[in-house]
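# Coordinate inspection notes
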Amino acid sequence: PDSKIFGESVHLVREKFGRQLAIEQPVLGADIVIPVPDSGNSAALGFSQQSGIPLEAGIIRNHYVGRTFIQPSQGIRDFKVRVKFNLVKEVLKGKSVGVVDDSIVRGTTSKMRVKSLRQAGAKEVHLRISCPPHRFPCAYGIDFPTKEELIANLYSDEEIRKYLECDSVGYLSLEGMLKCVSYAKENYCTACWSGKYPIPFEGAGKF
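As the structure is a computational prediction, the values presented were derived from the model and not from experiment. (Residues numbered from 1 in each chain as written. Predicted model: local features only at pLDDT ≥ 70, side-chain atom pairs only at ≥ 80, totals over all residues. Heavy atoms only, no water.)

### As for the environment of Gln-25
Locating Gln-25 in the fold gives a position in the loop between helix 1 (10-24) and strand 3 (32-35). Taking the relative accessible area as the measure of exposure, Gln-25 reaches 26% and is therefore partly exposed. For Gln-25, the residues in contact, after removing those within four places along its chain, are Phe-47, Arg-128, Gly-170 and Tyr-171. (Helix = DSSP H or I, 4+ residues; strand = E, 2+ residues; numbered from the N terminus. Buried < 20%, exposed > 50% of the residue type's maximum accessible area, 1.4 Å probe, protein only. Contact = heavy atoms within 4.5 Å.)

### A look at helix 1
Counted at 1.5 Å a residue, the expected span for helix 1 with its 15 residues is 21 Å, and the 21 Å between its end C-alpha atoms agrees. Taken together, the buried positions of helix 1 are Val-10, Val-13, Glu-15, Phe-17, Gly-18, Gln-20, Leu-21 and Ala-22. Measuring from the side-chain oxygen of the N-cap residue of helix 1 to the backbone nitrogen of His-11 gives 3.4 Å; that N-cap residue is Ser-9. (Expected span 1.5 Å × (residues − 1). Polar contact = N/O pair within 3.5 Å; in protein donor to acceptor, adjacent residues only side chain to side chain.)

### With respect to the packing of aromatic side chains
Within the structure shown, the criterion is met by six aromatic pairs. One aromatic cluster in this structure is built from Phe-6, Tyr-183 and Tyr-188. Residue placement shows Lys-111 over the ring face of Tyr-163; its charged tip is 4.5 Å from the ring centre. (Phe/Tyr/Trp six-rings, centres within 6.5 Å; stacked < 30°, edge-to-face > 60°. Lys NZ or Arg CZ within 6 Å of the ring centre and 35° of its normal.)

### Looking at the pairing of strand 6 (residues 96-101)
Judged by how many residues are buried, strand 6 sits mostly within the fold: six of six residues are covered. Burial along strand 6 is two-sided: Ser-96, Gly-98 and Val-100 facing one way and Val-97, Val-99 and Asp-101 facing the other are all buried. Direction of pairing for strand 3 relative to strand 6: parallel, over a ladder of four bridges. Bridge pairing links Ile-34 to Val-99 in strand 6. The pairing of strand 6 with strand 7 (residues 124-129) spans six bridges and is parallel. Residue Ser-96 lies in a different strand from strand 7, and its bridge partner there is Glu-124. Read as a crossover between parallel neighbours, the route from strand 6 over helix 5 (residues 108-119) to strand 7 is right-handed. (Pairing = 2+ DSSP bridges. Right-handed = clockwise from strand over helix to strand, strands pointing away.)

### Quick look at the state of the cysteines
In protein structure, a disulfide is the covalent linkage between the sulfur atoms of two cysteines. Tallying each qualifying case throughout the model produces zero disulfides. Not engaged in a disulfide, the cysteine Cys-131 finds its nearest cysteine sulfur in Cys-192; these two sulfurs lie 7.1 Å apart. On the accessibility criterion, Cys-131 (4% relative accessible area) is buried. (Disulfide = S-S within 2.5 Å.)

### So, the sheet that holds strand 8 (residues 168-171)
On the basis of which strands lie adjacent, the open sheet formed by four strands has the order 3-6-7-8 and parallel pairing. At either end of the open sheet lies a strand with only one pairing partner, and these are strand 3 and strand 8. Across this sheet, the average inter-strand angle for adjacent strands is 20°, counted without regard to direction. Each of strand 3, strand 6 and strand 7 touches helix 2 (residues 41-51); the most contacted strand, strand 3, lies at about 165° to it. Running at roughly 130° to strand 8, helix 7 (residues 157-164) makes contact with strand 7 and strand 8 of the sheet. (Axes fitted to C-alpha atoms, helices over the stretch in contact; angles between N-to-C directions.)

Spatial relationships are all this shows, so hold off on functional conclusions.
Following this line, the structure appears as structure tokens:
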């Protein structure tokens, strides 16, 4: 979050994502907004500021566990999800919770997280994602190389909601995301959301 991309603060742009997300995908009647740390922190702050819903720390991250979605096998990803986060039951119990995360890729991590939030006592769980649905694989080095791995490529939003067993799910639109940055829009790669790959690559036909 303390980085700069094209001269813009990553934290402040992510905060704008959260504000725009609250406009596009409000969580009516939520008691609290919580981020999925750490990547959801800035957007959750913006979501809270825009919506007026109090921001709380309902999920505490274990900083000694690395990124889960880039692990080489599903078994390792599942294990690391279980040990990566601790839930603050006193914050969550009996509450309708808006959960702000930066992305849903395969969906398995989010499903486990929703289950954990309910076990911790959350009355309702509403997922809000501060980027568009990932429908296309990344050809440039991020570890989701096939369409078959991407839940948003396979299912509708309602089917995703049912799979995750949450009360609602909402994504930031691509137009809303690009509205939050000031640098020339065409200079951002949006391939994993739009399917428009800016640089040719070997095997492009299979994408």
